[in-house]
Amino acid sequence: MNNKIKHLVIYGLYFFSCLIAHPFHSSITSLKFNDHSGSIEITMRVSANDLEKTINQINNLNIIIDDDDNMQSIDSLIFNYINKTIFLIINGKEYDLNWVGKEFETDIVWLYLEILDINKKINKISSENRFLFSRFEGQLNIMNFYIHGKQKTVMTHKDKPVDTLFF
């Protein structure tokens, strides 16, 4: 009986160490069409550590992304990275993302963006999301679209970064 407990503890520790050695990397993005303003309000939930590592790697820097003293330059680095990795084509037209801001919640960073001047009914959205792919091989990006009272979800990963939705 003692050997069974030892084996159980050893296997349990091995299993737990495997979980730590292979963390799960993901982002969740919510895109809500505001009929009144004709805009899409975008909220991204990202691991602050994952974003910081990526920004530092691609810019050859060693910054802390929640440093209030350098907030404008850090916001600019984050926004530039987003603009290189996330693209949205709505009804056949590519739209620019606009930076709104960010907030920190423990080890999570909330990023806020918007797309302005969408004055017509949205029938089709093509999305490309390569966010954090350069840093994390198994990165998964979940995008929840709330358009005209309908919700649709897209999951992008290294092998499938592009998808199209119809509303």
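Structure shown above.
Okay, so let's go over this structure. Bear in mind that the values here come from a model prediction, so they are computed numbers and not experimental data.

Scanning the protein from N- to C-terminus turns up three helices and ten strands. A buried classification covers 37% of the 167 residues belonging to the protein. Partitioning the intrachain contacts of the protein with sequence separation of at least 6 by distance along the chain shows that 58% fall at a separation of at least 24. Here the protein has roughly 10300 Å² of accessible surface; of this, 53% comes from carbon and sulfur atoms.

On to unusual backbone geometry. Of note, the phi angle at asparagine 60 is positive, near 50 degrees, even though the residue is not glycine. Secondary-structure assignment places asparagine 60 in the loop between helix 2 (48-59) and helix 3 (71-85). Positive phi values are uncommon outside glycine, yet asparagine 91 reaches one of about 50 degrees. With respect to the secondary-structure elements, asparagine 91 resides in the loop between strand 3 (86-90) and strand 4 (93-95).

With the rule as written, the count across this model stands at two aromatic pairs. Between phenylalanine 79 and tryptophan 99, the ring centres sit 6.0 Å apart and the planes meet at 55 degrees, which makes this aromatic pair tilted. Placement of the pair is phenylalanine 79 in helix 3 and tryptophan 99 in strand 5 (residues 98-105), with a sequence separation of 20 residues. According to the relative accessible area criterion, phenylalanine 79 is buried, its value standing at 17%. For the ring pair tyrosine 81 and phenylalanine 131, a centre distance of 5.5 Å and an interplane angle of 50 degrees mean the geometry is tilted. Of the two residues, tyrosine 81 is situated in helix 3 and phenylalanine 131 in the loop between strand 7 (124-129) and strand 8 (140-147); the sequence distance between them amounts to 50 residues. Between lysine 32 and the ring centre of tyrosine 146, over which it is positioned, the NZ or CZ distance is 5.5 Å. The aromatic ring of phenylalanine 167 is capped on one face by lysine 152, whose charged end is 5.1 Å from the ring centroid.

Among the nonpolar cores identified, the biggest contains 37 residues, and Leu51, Phe131 and Phe145 are the most heavily contacted of them. Broken down by secondary-structure element, the contributors of at least two residues to this core are strand 1 (26-34), strand 2 (39-47), helix 2, helix 3, strand 3, strand 6 (108-115) and strand 8. The leading source of residues in this core is helix 3, at five residues. With sequence-adjacent residues up to four places away left out, leucine 51 is seen in contact with Val46, Ile65, Ile78, Val109, Leu111, Phe131 and Leu132.

A few words now on the environment of asparagine 70. Along the chain, asparagine 70 turns up in the loop between helix 2 and helix 3. Relative accessible area serves as the criterion here: at 38%, asparagine 70 is assigned to the partly exposed category. Engagement of the side chain of asparagine 70 in a polar contact is seen with the side chain of aspartate 67, the distance being 3.0 Å.

Cut-offs and rules
Residues numbered from 1 in each chain as written. Predicted model: local features only at pLDDT ≥ 70, side-chain atom pairs only at ≥ 80, totals over all residues. Heavy atoms only, no water. Helix = DSSP H or I, 4+ residues; strand = E, 2+ residues; numbered from the N terminus. Buried < 20%, exposed > 50% of the residue type's maximum accessible area, 1.4 Å probe, protein only. Contact = heavy atoms within 4.5 Å. Areas by Shrake-Rupley, 256 points an atom, 1.4 Å probe, with all protein chains shown as cover. Phe/Tyr/Trp six-rings, centres within 6.5 Å; stacked < 30°, edge-to-face > 60°. Lys NZ or Arg CZ within 6 Å of the ring centre and 35° of its normal. Core = buried A, V, L, I, M, F, W, Y, C linked by side-chain atoms within 4.5 Å. Polar contact = N/O pair within 3.5 Å; in protein donor to acceptor, adjacent residues only side chain to side chain.

So far we have only geometry, and geometry alone does not tell us how the molecule works.
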